[in-house]
Structures are given as structure tokens and as C-alpha cells.
Amino acid sequence: MSRFIRKLVNAASILLLLSINNPAAVALTAKQEQEAQLQANAVALRESGVSEVDHTKEAAALRSYQLRKKKRKGLLRKRESNLADILFPGVTPELYQQSEEVYIVTDMVTSKKTHVPFEFYDLPGCPAPALSEFRASRANKRKNFGARLQGAQYLPAPFQLKVLEDQPCKVVCQVDIGARKVKWLRNLVERQYRVHMTLDSLPVLMRSAEFNYAVRGYPLGFKAGPKYTGKEESEFFLYNHMKFTIAYQDDPNEASGIYITAFDVLPVSIQHDKEGTTCNADATVVNNPTSYLPLRVGMTGDQDMAVLYSYEVKWVKREIAWADRWDVYLIGSPDDDIHFFAIVNSLMIVLFLTGAIATIMVRALRKDISAYNEMAMLEDGSAEETGWKLVHGDVFRPPQTWPMLLAVLVGTGAQIGAAFGMTMLCSILKLVNPIKKGQTLTAVLVLYVLSGSVSGYVSARLYKFSDGKNWKFCTMATALGMPGLMVTMFCILNICLSFAGAATAVSFWLLLAIFALWVCVSSPLVFLGSYFGFRAKTIEVPTKTKQVARVVPDMPWYSTPPVSLLLGGILPFGSVCIELFFIMSALWLHQIYYMMGFLLAVLLILAATCAQVSIVMDYLQLCGEDHRWWWKSFGNCASAGFYLLCYSLWFLSSRLDLVGILPVMVYMTYMTMISLCFSLFCGSVGVLCAFWFNLKIYGAVKVD
């Protein structure tokens with residue numbers, strides 16, 4: 001026993017010496033110690049009451065610790081970076097000089113309760129200032145096709161700012177608001193609309209170090225209950241004074257240059273007097289319940305509400321680096337590990353299914369193929385064919401119902417997959433910045449249009465295999481079907497948004513540009529792909545199709561539609577449902593989503609899952625002597641779009657708090673479009689994989 005203990009001690013000593021002399025082990029230990037030290041510092045900062053949203057060095061250190069995993073770049077070997085480099089790669093900071101004129105850019109006025117945004121100058125406020133040629137050129141550079149579709153105008157705000165020059169309270173204008181506009185403003189306040197602006201590409205923030213929160217944009221006003229006002233009914237108040245605080249950092253290489261590192265606002269509701277005593281160089285404007293500006297008109301409703309809009313600006317020097325100015329915007333966002341573990345979980349499920357399916361299918365197929373080939377070599381011919389070989393004369397029979405429609409749907413799904421796959425690759429290669437939603441939408445539309453040849457080629461090959469003769473109509477249906485349906489739904493929604501005066505209602509000229517892009521670019525590319533598809537040879541199959549179709553026996557209830565369709569769509573949807581939650585939160589809850597590498601991985605996992613489901617269900621169907629696999633292989637995977645639509649209804653009821661019919665109509669219209677695209681992509685993968693699988697297994701057996 002003592003001899004064993006002596007050997008064990010010697011082995012431990014050797015391992016200890018090896019670990020000490022091993023640089024990798026030393027580096028790992030140092031890294032663990034550094035991580036423990038950072039964690040201890042963060043705990044100490046929290047216990048001392050440091051806020052995560054403040055401008056201090058301690059708050060910046062706490063934010064840096066919270067976002068340490070987001071500040072790492074690389075796929076396998078992570079390296080330290082900063083959020084400015086990750087969110088806006090290649091963008092250099094803009095240097096401002098003393099007394100240089102800067103402008104605040106207005107964005108849309110939005111609400112989480114309604115997805116019907118408005119433009120800033122749709123509100124009854126001060127008019128837009130006259131733009132100089134220099135300022136107009138800088139403002140117009142920010143627009144693109146996708147931003148115009150989203151309704152973004154990016155006009156300068158009616159506030160004058162000069163670098164490092166504090167501005168005391170200054171009246172911008174006086175506006176007389178009529179009773180109808182006042183009622184509309186009260187409605188916007190009740191629905192929690194917020195005004196969004198940017199300065200040097202930084203969204204304006206409302207932050208409070210005392211309550212430890214930071215929210216993008218500022219509300220139009222607020223609603224106070226009877227307990228607060230002392231009245232029988234709730235009262236609405238309007239924010240008419242903006243207190244802007246701009247933080248900056250000196251440039252170490254320039255004597256007078258600065259970088260803007262923060263852009264904050266504190267809205268104030270105040271009843272200014274006409275003499276100007278409440279807004280001058282000596283006045284201090286604060287939120288005081290005795291001087292709130294009530295949002296109402298006279299008792300008779302025929303009087304206008306006079307509002308004085310004002311603002312003030314304060315420049316403060318902070319030690320926060322320009323590269324860390326985006327940290328506060330991502331505080332509270334989901335950690336990257338959640339996305340990573342969700343994808344790893346889905347990937348493990350896919351790999352497990354792949355291994356299990358491959359083992360079962362290879363064994364079963366190898367046994368079946370060996371048995372069929374042995375029976376084919378028997379001279380007496382007494383062996384009777386069973387299983388999936390029994391339908392060898394019908395398995396490649398073209399679909400008897402709607403072969404053209406199937407070809408069009410599969411081609412359109414292939415085009416959608418190609419467009420989104422190329423968009424993800426462009427984002428990973430830093431050609432497209434997902435933070436800039438207008439740029440991303442432009443890339444999706446352009447790549448979808450340029451992928452028209454893919455849909456034309458795929459639909460032409462399938463339609464030619466189905467012995468279709470009306471190839472012109474098939475090409476026209478491929479070019480006009482999906483885009484026509486989408487444009488029709490968008491135009492109907494656009495009419496409703498136009499009546500509501502929403503900012504997302506696009507103009508007639510923009511609709512004309514979309515139509516020109518469709519007719520002049522997308523459709524010719526579809527015809528080009530269709531031309532090469534019909535010129536190619538017909539897909540050769542290993543078996544000869546019989547003239548008379550075999551009678552299909554009765555199938556079990558779980559292998560017939562609609563039960564089989566519902567069962568087939570569970571796995572494709574389940575493989576992406578976790579990441580789908582973050583995507584929908586970014587779309588409808590105004591959260592930031594920039595991890596396109598994860599999204600590409602989810603797309604590949606979705607395609608792999610659809611392929612597995614399609615192959616397995618196709619094999620089981622053929623073993624049951626059912627040769628009608630074309631439409632079933634499409635529906636088995638396309639039913640995942642139905643689950644996505646149901647998930648969107650759950651998201652609407654549990655996560656969103658929409659008010660009114662039009663917001664629900666906007667949400668359901670766009671989610672229907674997304675579900676349809678999702679369904680077509682999954683169905684296209686299902687048909688193509690099932691077709692490939694049938695070619696392989698029937699090409700491996702000897703058939704007379």
C-alpha cells in the first residue's frame with residue numbers, strides 16, 4: 001500500500017513539474033487568474049453602487065466586463081476587440097474642431113405598442129431648418145433604397161449645435177396646436193411613442209445613473225393618473241424642452257480636435273411664459289409638477305394650444321474612449337453564449353440524427369439492395385419483389401397533379417435560399433453591415449433579384465423532367481408568381497399605411513422603382529436561367545417508368561396528410577426556434593442583432609434538418625409502396641412555415657402589446673411573408689433531397 005502511495009506521489013510531482021514547465025499550462029493559469037481578478041473587481045464595483053450606464057471610468061470598466069464576450073472576434077481563436085470595430089468594421093472616428101457646426105439627425109417616431117411609425121416633422125412642432133449645401137450633401141449620403149422602403153428620412157433637427165459651445169435655454173419656435181392635433185398627440189403619448197435622433201451615428205439616449213437604466217429615444221410626453229394629479233381623470237403632459245448632454249474625448253494627436261463619445265437627452269415638460277423669464281441664460285429648466293405642460297385645449301375645444309419648444313446643450317469631457325461608446329447600447333442584451341449554446345444544441349441534435357439515420361438507413365438499404373440483387377440473379381424468377389423496389393416502375397413518374405406549380409415553388413424556394421445565403425456571406429465578409437438595417441434590406445432585395453436565374457434554372461429542369469410542354473408559361477409563372485404575390489400584399493398594406501399617415505408608407509415613385517427592378521432585372525434573369533435549364537438534358541433516371549400507374553395501398557393514418565405534414569415540420573422548426581426568438585425580438589422589439597455568423601450556421605442547420613426529414617419520410621413512404629412522393633416531400637418540410645406562423649401568433653400575444661387593428665395588420669402581413677418564404681425554402685430542400693435520394697438508391701439495384 002505504501003509503495004502504491006509513493007508511486008502516486010511521484011506521478012503527481014512529475015505532472016506538477018510538467019505543468020510548471022509547460023508554457024500553455026502557465027498561460028491558461030494566468031488567464032484564469034486574470035478572469036477571476038476581473039470578476040472580483042466587477043463584484044466590488046457593484047457592491048459600491050457603481051451604475052452600469054454612467055459616464056465614469058468605473059462604469060465603463062463594469063460595462064467592459066459585462067460585454068467582454070461580445071468584444072471578441074474570430075471563429076476558433078478569439079481575440080480581444082471593441083464593439084465599434086465589431087459593429088462598424090472599417091469605420092474611423094470623425095474628428096470635430098472647436099466651434100464647428102454639427103447637426104442632430106431625426107429618425108422615426110416609433111412605439112413598441114404599434115408598428116406604425118411617423119416622421120419627426122409629421123408631429124406638430126418646429127419646422128425643419130434650411131440646409132446649407134454642405135449639410136444637405138452629408139444628410140443625403142445616409143439614404144439608400146432599403147432606408148427609403150423603411151420610411152427613414154434622416155432630416156436635420158431644428159436645433160443648432162456648435163462643438164464645445166454650451167447653449168443655455170433657447171426657444172426654438174412657438175406652435176399653436178389645434179384640438180385635432182392635440183387629441184392625436186394624446187393618443188401618441190398613451191401608446192408610448194418615442195422620438196429617435198442621432199448625432200455622429202449615435203442614437204440619443206435617456207439614461208439615469210440613479211435608477212441604472214438607459215433607453216434609446218425619448219417619449220413625446222407622459223400620462224399621470226388621478227392619484228398623481230388629484231383630478232378625476234388621467235392627465236397627459238407634453239415634453240417641450242430638450243436638455244442635450246454631449247460627452248467628448250480629446251484627440252491626443254490634435255490640440256483642438258475632439259471625438260463624440262455619448263449623446264444623451266433629458267426631456268422636460270414646462271409651461272414657458274411669454275415674457276421669456278423661464279427660458280434665458282440664467283434660467284434653470286427642470287421637471288416640476290407645478291409647471292408641467294398639460295396636453296389639452298380649452299373647455300369648448302375651439303381654442304388652440306400654444307406651445308413653446310426650447311432646448312439647451314451642454315458639452316462634458318469624459319474619459320470614455322471612442323471605441324467603447326457603443327457599450328452602453330448593448331447592456332442588457334442577450335449574451336453571445338446563449339446563441340452559441342443554442343446553435344451547439346441544435347447542431348448536436350442534427351449530428352445525432354444524422355448518425356442515427358445514417359446507421360439505420362445504410363444498414364437497411366445495404367440489406368435491401370443485397371437482397372434485391374440476389375433475387376434478380378435467380379434464374380427461376382420465383383422470388384417476389386417487396387418493399388421499396390416494388391415501386392421502381394412508378395417512383396420516377398412525374399407528379400400527376402400541378403407539375404408546373406411544383407416546379408415553380410421549388411425554383412422560388414431555391415432562389416430564396418440562394419439570396420439569403422449570399423446575404424449572410426456578405427455580412428460575414430463585412431460587405432454588409434447588419435446594424436444598418438436599410439443597407440441590409442437593400443442587400444437582400446438586390447441579391448434576391450440577382451438570384452432570379454437560380455429559380456428559372458431549377459424550375460425549368462423539374463418542369464422538363466415532368467414532360468411539360470408549356471415552358472413559356474412556366475417561366476412567366478416563376479418570374480411573376482412569388483414577386484407578384486409579395487408586391488400585391490405590400491401595396492395593400494401600403495394603402496392602409498398611407499391613410500394612417502405612417503412614415504413607412506412608400507411613395508408612388510418608389511413603388512415604380514420596385515416594379516422596374518422586378519421587370520427589368522429579375523424577370524430577364526429568370527428567363528436566362530430557364531433558357532439554360534430547358535436546353536440542358538433531361539435528368540436521367542435508373543429505372544423505366546411503366547405506362548400504367550401502380551395502385552397505392554391504404555397507408556397508416558400517421559403517414560397520410562395532414563398528419564404526416566404536421567409531423568414533418570416539427571424538426572425543421574424546432575432546430576431554429578431559439579434563434580428565431582432573437583431575430584423576432586430584433587425585428588419587432590427594436591433590439592440590436594448583428595451576429596450573422598450564427599445566423600448562417602442556423603440556416604445550414606435548417607437545410608440539413610430538412611434534408612434528413614425528407615429522406616427518412618420518403619424512404620418510409622416508398623417502403624409502404626406509395627410512389628406519390630413529389631408533393632409529400634415538399635409538404636413534409638414546407639409545413640415548418642405553418643409552425644412559424646403559429647409561433648408568430650404566440651409572439652404577438654405574449655411578447656407584444658399592440659394596440660389597434662392597423663399594427664396587428666402590419667405585423668401579420670410581414671410575418672405571413674416571412675413564413676411563406678420560410679416554407680418555400682424548406683419545401684424546396686425537401687423535394688431536391690428526396691429526388692437525389694431516390695436516384696441513388698434505385699441506381700444501386702438491378703432492375704429488369
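See above for the structure.
Just so it is clear, the model here is predicted, and its values are computed rather than measured.

K.L.:
Could you give me a rundown of helix α20 (residues 640–654), with the residues and numbers involved?
P.N.:
The terminal C-alpha atoms of α20, which comprises 15 residues, lie 21 Å apart, in line with the 21 Å expected from a rise of 1.5 Å per residue. Taken together, the buried positions of α20 are occupied by Ala-640, Gly-641, Leu-644, Tyr-647, Ser-648, Phe-651 and Leu-652. Each buried residue of α20 lies within a common arc of 145° when the element is viewed along its axis, so the set occupies one face. The inward-facing, buried residues of α20 contact α16 (570–574), α17 (577–588), α19 (630–638) and α21 (661–699).

K.L.:
Go over the nonpolar core with me, naming the residues and quoting the values.
P.N.:
Ranked by size, the top nonpolar core spans 96 residues in total, and within it Ile-104, Phe-159, Met-197, Phe-244, Phe-263, Trp-315 and Tyr-667 carry the most contacts. Ranked by the residues each element gives to this core, the list is headed by α21, at 9 residues. Listed in part, the 42 residues of the second largest apolar core include Val-408, Val-410, Val-506 and Ile-615.

K.L.:
Describe the state of the cysteines, and please don't skip the residues or the numbers.
P.N.:
As enumerated under the stated definition, the model contains 2 disulfides in all. Two residues, Cys-126 and Cys-173, share a disulfide whose sulfurs are 1.8 Å apart. Handedness here is read from the sign of the S-S torsion; for Cys-126 and Cys-173, about -90°, the answer is left-handed. Within this pair, whereas Cys-126 is found in the loop between β4 (105–110) and α5 (133–140), its partner Cys-173 is found in strand β6 (residues 167–177), the two being separated by 47 residues in sequence. Paired by a disulfide, Cys-169 and Cys-279 hold their sulfur atoms 2.0 Å apart. The sign of the -105° torsion about the S-S bond sets the Cys-169-Cys-279 disulfide as left-handed.

K.L.:
Quick rundown of the pairing of β4? Include the residues and the values.
P.N.:
β4 sits mainly inside the fold: 5 of its 6 residues count as buried. Pairing of β4 with strand β7 (residues 194–199) involves 4 bridges; the strand directions are antiparallel. What sits directly across from Val-109, in β7, is Val-195.

K.L.:
Talk me through the environment of Gln-439; I want residue IDs and the actual numbers.
P.N.:
If you trace the backbone, Gln-439 turns up in helix α11 (residues 437–450). Look at Gln-439 and you get partly exposed, because its relative accessible area is 28%. As for Gln-439 and Phe-145, which are separated by 294 residues in sequence, their C-alpha atoms are 7.8 Å apart. Each residue touching Gln-439, except ones within four places of it in the same chain, is listed here: Asn-144, Leu-431, Val-432 and Asn-433.

Reading guide: rules and limits
- Residues numbered from 1 in each chain as written.
- Predicted model: local features only at pLDDT ≥ 70, side-chain atom pairs only at ≥ 80, totals over all residues.
- Heavy atoms only, no water.
- Helix = DSSP H or I, 4+ residues; strand = E, 2+ residues; numbered from the N terminus.
- Expected span 1.5 Å × (residues − 1).
- Buried < 20%, exposed > 50% of the residue type's maximum accessible area, 1.4 Å probe, protein only.
- Arc of directions from axis to C-beta.
- Contact = heavy atoms within 4.5 Å.
- Core = buried A, V, L, I, M, F, W, Y, C linked by side-chain atoms within 4.5 Å.
- Disulfide = S-S within 2.5 Å.
- Pairing = 2+ DSSP bridges.

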